[in-house]
Amino acid sequence: MTDAKKVALGVLAWTSVVSALHLHFNVDWAPILNDRLPEHRRKINVAYIPVTCHLACPVTDYITRFTKTGNLFLPKMFQGFPEIKEALISNKMQAAFMVAPMAMALWSQGVPVKIVYLGHRYGSGVVVHKDGGVRTFADLKGKTIAIPSRFSDERLIVFRVMKKFNMTAADLKMVEMAPPDVAGALAARAIDAFSMGEPFPSQAEMGGFGRVLFHAREHWPDYMSCVLVVRQDLIDRRPETVQALVDGIARSGLWLDDGRPHREHAADFVGRYYYNQDPKLLRWALTNPLDRVVYTALTPYKEDFDLVRDLMIETGVLDRRIEFQDYVDTRFAEGARRQTPWKYVPNSGVAE
Amino acid sequence: MLAWDILIRWSPGGLLPRPWEVVQGLTELAQKGLLFKYIVASLFRVTWGYVAAAVLAIPFGLMLGWHRRGELALNPLIQILRPISPLAWIPISILWFGVGDVAALFLIFMASFLPLTVTAMNAVKNILPTHLNAGRNFGLSPAQIVLKVIYPSVMPQLIAGLRITLGIAWLVVVAAEMIAVNSGLGFLIIDARNAGNRYDLVVAGMVMIGLIGLVLDLGMRRLEKLKSLRWGYASE
């Protein structure tokens, strides 16, 4: 046999073996099989990232697996908002949890999506180094603060508080940073503070190097950050599917806010099966105190979104006034108002 | 290892792992069965992206090198596309291929295709005219010229290019696995960043990428030692 034939056979054998192993160990067949179903029977793909703002998504998926009808949608974990945005635009994801300003900016740029529900309320905060000498927000003058994205409520809350303290954008150096990196950067004193959603403030607290300077709700009552966004074509063609999705998220929110045992159980299964995070971290974020993040009162209100819109315009990330009724579809939230919490006792294996 | 350990003691923040903690992290991953799965996933993506690029880029590059007009027409485009980092293709790969293996394969393909095209193109241009003329003087047909003159002439350069490009493809696996795949050594690094204070797993992923990169390079070096190619290298 010639050398060329030996090499070709070697490459063929290697490719076959590695492909067979990958197909066996790593490929999730559920989305592949789902894509081959007729559209009316196809489950929608819902994108989320591993933060507590999106917790209702994995909680709904987990609990509905124990119901007679099974799970309502296929959750897909991403690592950042830009990838979610692109997957939504290209219709690879039909719904997604994302920060409200990004959803509003997408709509204003002509992407056919609508906000249908909130993901949570509260759950963001500004964290400083425990020994950094920062006692009030005014002490941050001239210092560096990390934010997750220019299209985030975590950035807007910083601007809102800056105004209260008579500070301007020039008084603070704001840097965009991937949320998973902020706790390490604070520990290494590469930044002086960060404004992020949970569980990253909890991570800094648990690590013993961070201190919450303030929670968002202290300066922004009814604070909301992430919202549930759905593609317009799905709303037009399958409104009943969107309603089922919103109902499921609403029921999960009510279940999560039903007391400490539910939150502790959620921290355990979400940490282990969805987020790959230490359940202790999620438990801290969800129970310290219990209303650190809240998953009820998730109907979108005009006043909340007008506030976000005005702050976006003021801080230069939105170039025109957009109206609540144009980019929010409230009928699904209205339809979910009468929902009750899931009847699911932790570890029972049965839900309805 | 000692230098690593000492540097960690001096590093600010105290979050970076010491060598022993990384070994423990690797053990934990192996015990959970994740290490093998992730290695397989990364190797699968690199294999398919790289092999697809090689299968298409080598004939394409050889053709461009052989036909001067083709080179004149397409080389400017190739040189414009070549410096673009594979990271810049991430948004486009998601818009075209969605999320999952195909988008990741596309990024690895893009990282490999253009370097291999240029290598093949240059390899043809570097064939000594004496060899081609000798082949023609012996009355070889065009097909025989390709098999008996061009093929053996370009192989040493192609193998060197293949070896360098495999290194690039393996380098890109972290970026390729950032985009919504849920397995692989690149995913391990991204996922560990999200998992709180698990920098031991971040470094464990880096160590595994380095070690497997070394093994892949050793495999490519074996190709260089094949008898039919040895003429292109200095005698040991």
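Everything numeric in this text was worked out from a predicted model, so none of it was measured.

So, about the overall build of chain A. Tallying secondary structure elements over chain A gives 16 helices and 12 strands in all. Scaling as 2.2 N^0.38, a compact globule of 352 residues should have a C-alpha radius of gyration of about 20 Å, and chain A matches this with 22 Å. Taken along the three principal axes of its C-alpha coordinates, chain A extends 75 × 60 × 45 Å. Considering chain A as a whole, with its 352 residues, one finds that 49% of them fall into the buried category. Of all intrachain contacts in chain A linking residues separated by at least 6 positions in sequence, the fraction that spans at least 24 positions is 78%.

Here the focus is the overall build of chain B. Scanning chain B from N- to C-terminus turns up 11 helices and 0 strands. Going from N to C terminus, chain B has its helices and strands arranged as α-α-α-α-α-α-α-α-α-α-α. Seen through its C-alpha atoms, chain B measures out along the principal axes to roughly 70 × 45 × 30 Å. For chain B, with 236 residues in total, the buried portion stands at 42%.

A separate point is the sheet that holds strand E2 (residues 73–77) of chain A. Residue and element names in this part refer to chain A. If you walk across this open sheet you meet the 5 strands as E2-E1-E3-E11-E4, and the pairing is mixed. In the strand order of this sheet, the two ends are held by E2 and strand E4 (113–118), each with one partner. Direction aside, neighbouring strands of the sheet carry axes that sit 30° apart on average. Pairing between strand E1 (residues 44–48) and E2: 5 bridges, direction parallel. Bridging from a neighbouring strand, Ala47 pairs with Lys76 of E2. Contacts between helix H5 (residues 100–108) and the sheet are confined to strand E3 (95–99), E4 and strand E11 (226–231), with E3 contributing the most and set at about 115° to the helix. Sitting on the sheet, helix H11 (residues 239–256) touches E1, E2, E3, E4 and E11, and the angle it makes with E4 is about 30°.

The subject of this paragraph is the interface of chain A and chain B. Many descriptions give the size of an interface as the accessible area lost when the pieces come together. Chain A puts 34 residues into the contact, and the matching count from chain B is 31 residues. At the level of elements, helix H1 (3–25), E2, helix H4 (81–89) and helix H7 (179–187) of chain A are the ones that each hand at least two residues to the side of chain A that touches chain B. At 10 residues, H1 of chain A tops the list of elements feeding residues into the side of chain A that touches chain B. Residues belonging to the side of chain A that touches chain B are distributed by class as follows: 15 nonpolar, 11 polar and 8 charged.

It is worth spelling out the sheet that holds strand E9 (residues 193–197) of chain A at this point. Residues and elements named next belong to chain A. Spatially, the 5 strands line up as an open sheet ordered E8-E7-E9-E6-E10, and their pairing is mixed. In this open sheet, the two edge strands, each paired with only one partner strand, are strand E8 (173–176) and strand E10 (210–215). Each strand of the sheet is rotated relative to its neighbour by a mean of 30°, with strand direction disregarded. Relative to E9, strand E6 (residues 124–129) runs antiparallel, the two being bridged by 5 bridges.

A few words on the environment of Leu81 of chain B. Residue and element names in this part refer to chain B. Here Leu81 lies in helix H4 (residues 68–81). Accessibility expressed as a C-beta count within 10 Å gives 13 for Leu81, which makes it partly exposed. Once the C-alpha coordinates of Leu81 and Leu114 are considered, the two residues, 33 residues apart in sequence, prove to be 7.8 Å apart.

Within the largest apolar cluster, 174 residues are counted, with the highest numbers of intra-cluster contacts made by Met98 and Val229 of chain A together with Leu107 and Ile108 of chain B. Sorting elements by how many residues they give to this core places helix H6 (residues 101–125) of chain B first, with 17 residues. Built from parts of two domains, this core gets at least three residues from each of domain 1 (50–122 + 223–335) and domain 2 (126–219) of chain A. Apart from residues lying up to four places away in sequence, Met98 of chain A is in contact with Phe81, Ile84, Ala103, Cys226, Val227 and Val229 of chain A.

Let us look at the packing of helix H12 (residues 260–275) of chain A against helix H13 (residues 279–287) of chain A. Residue and element names in this part refer to chain A. Packing of H12 against H13 brings their axes to within 8 Å, and their N-to-C directions diverge by 145°. The hand of the H12/H13 crossing is right-handed. The segment H12 lies against H13, with Arg260, Arg263, Glu264, Ala266, Ala267, Asp268, Val270, Gly271 and Arg272 engaging Pro279, Leu282, Arg283, Leu286 and Thr287. Residue composition of the contact of H12 with H13, by class: 6 nonpolar, 2 polar and 6 charged.

Let's shift gears to the domain arrangement of chain A. All names here are of chain A. The domain architecture assigned to chain A consists of domain 1 (50–122 + 223–335) and domain 2 (126–219). On a C-alpha basis, the centroid separation for the pair domain 1 and domain 2 is 23 Å. If you look at the interface, domain 1 gives 24 residues, while domain 2 gives 20 residues. Of all elements in the fold, only H5, H13 and helix H14 (302–314) reach the threshold of two or more residues within the side of domain 1 that touches domain 2. Across the side of domain 1 that touches domain 2, the residue classes tally to 18 nonpolar, 5 polar and 1 charged.

The rules behind each value
- Residues numbered from 1 in each chain as written.
- Chains lettered and ligands numbered in written order.
- Predicted model: local features only at pLDDT ≥ 70, side-chain atom pairs only at ≥ 80, totals over all residues.
- Helix = DSSP H or I, 4+ residues; strand = E, 2+ residues; numbered from the N terminus.
- Rg over C-alpha atoms; globule rule 2.2 N^0.38 Å.
- Buried ≥ 20, exposed ≤ 12 C-beta atoms within 10 Å, placed from the backbone.
- Contact = placed C-beta atoms within 7 Å.
- Pairing = 2+ DSSP bridges.
- Axes fitted to C-alpha atoms, helices over the stretch in contact; angles between N-to-C directions.
- Nonpolar A, V, L, I, M, F, W, Y, C, P; charged D, E, K, R; others polar.
- Core = buried A, V, L, I, M, F, W, Y, C linked by C-beta atoms within 7 Å.
- Domains from an automatic or database assignment.
- Left-handed = near helix turned anticlockwise from the far one by under 90°.

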